[in-house]
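Structural features, examined
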Amino acid sequence: MTHCTYRDTLYYFHGAGVSGVKLSSDRRHYRSRQAYGVMLSSHIPQARLTPIDLDNSPQNKLRTLTGTRTNNNDVQTMIQAAAGLDIIFPKKIRQLKQCSHWVYTAQQRTKIPNRTNALTGNLIVFGTAKKPKSFLCGIIINKNEQDTVEYLYLSRQIIRRGFMNLNHPSKKRDSHGRVLNTFIKGTSGGASGSIRYLAGRRFFSYLPVSSLLP
């Protein structure tokens with residue numbers, strides 16, 4: 001069966017159980033090599049040969065950090081990310097080593113938890129006040145028209161990108177397939193530290209940068 005194409009003489013097939021099968025001579029049952037070739041090539045989409053260029057915005061520069069491994073903790077990572085948005089924290093704040101210390105500092109100056117300041121450059125805190133050591137800090141890099149917040153955070157020494165929508169804290173996607181909430185790792189300090197939570201369910205507070213300034 002090395003040449004399957006139309007021919008004027010009839011095909012005969014032989015096998016163990018069939019001595020011969022006569023095929024119809026109707027040309028509609030056959031396809032020429034030329035027609036077969038057109039059928040194969042006509043439905044193959046053209047490859048995209050040129051890369052899609054992203055703009056040079058601070059947000060896109062920060063997005064390129066996704067997947068980067070670092071030896072810094074989450075607070076140090078967010079300080080560096082904030083610098084990419086032209087936000088510089090005073091030395092006293094940079095010396096605080098844990099997210100829980102940042103939350104405590106903000107509590108001394110303003111009322112938190114705060115659920116309204118989802119602004120680019122502000123910090124976002126996940127965890128629970130009952131276990132302050134479980135607090136995890138991220139930094140907001142964007143917010144879209146559906147009120148879905150995009151943020152960077154550190155998990156297992158890798159910079160990751162997440163999404164959160166407080167209007168639908170228990171949903172991963174909306175009816176159009178758009179991302180609402182992604183999973184983050186819970187860090188309760190115990191055996192359940194590997195439990196995954198949707199961001200909207202784990203959210204504690206927004207932390208405006210102004211709340212950390214003297």
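Here is a short report on the structure shown in this document. (Residues numbered from 1 in each chain as written. Predicted model: local features only at pLDDT ≥ 70, side-chain atom pairs only at ≥ 80, totals over all residues. Heavy atoms only, no water.)

1. Quick word on the nonpolar core
Phe89, Trp102, Val125, Ile139, Leu207 and Leu212 are the most contacted members of the largest nonpolar core, which has 26 residues in total. Of all elements in the fold, only helix 3 (74-83), helix 5 (99-109), strand 1 (123-128), strand 2 (131-143) and strand 7 (203-207) reach the threshold of two or more residues within this core. Broken down by element, the residue count for this core peaks at five residues, all from helix 3. Judged by nonpolar contacts, the second largest core, of 13 residues, contains Tyr151, Met164, Ile184 and Ala199. (Core = buried A, V, L, I, M, F, W, Y, C linked by side-chain atoms within 4.5 Å. Buried < 20%, exposed > 50% of the residue type's maximum accessible area, 1.4 Å probe, protein only. Helix = DSSP H or I, 4+ residues; strand = E, 2+ residues; numbered from the N terminus.)

2. Here's the deal with the side chain of Glu150
Inspection of the secondary structure assignment puts Glu150 in strand 3 (residues 149-155). Here Arg161 takes part through its side chain, which lies 2.8 Å from a polar atom of the side chain of Glu150. With sequence-adjacent residues up to four places away left out, Glu150 is seen in contact with Arg63, Ile139, Ile140, Ile141, Asn142, Arg161, Gly162 and Phe163. (Polar contact = N/O pair within 3.5 Å; in protein donor to acceptor, adjacent residues only side chain to side chain. Contact = heavy atoms within 4.5 Å.)

3. Concerning the packing of aromatic side chains
One pass over the full model with this rule turns up five aromatic pairs. Here the aromatic rings of Phe203 and Tyr206 are separated by 4.7 Å at their centres, their planes lie at 55 degrees, and the arrangement is tilted. Per residue, the accessibility class of Phe203 equals that of Tyr206, and both read buried. Of the aromatic side chains, those joined through ring pairs into one cluster are Phe126, Tyr151 and Tyr153. (Phe/Tyr/Trp six-rings, centres within 6.5 Å; stacked < 30°, edge-to-face > 60°.)

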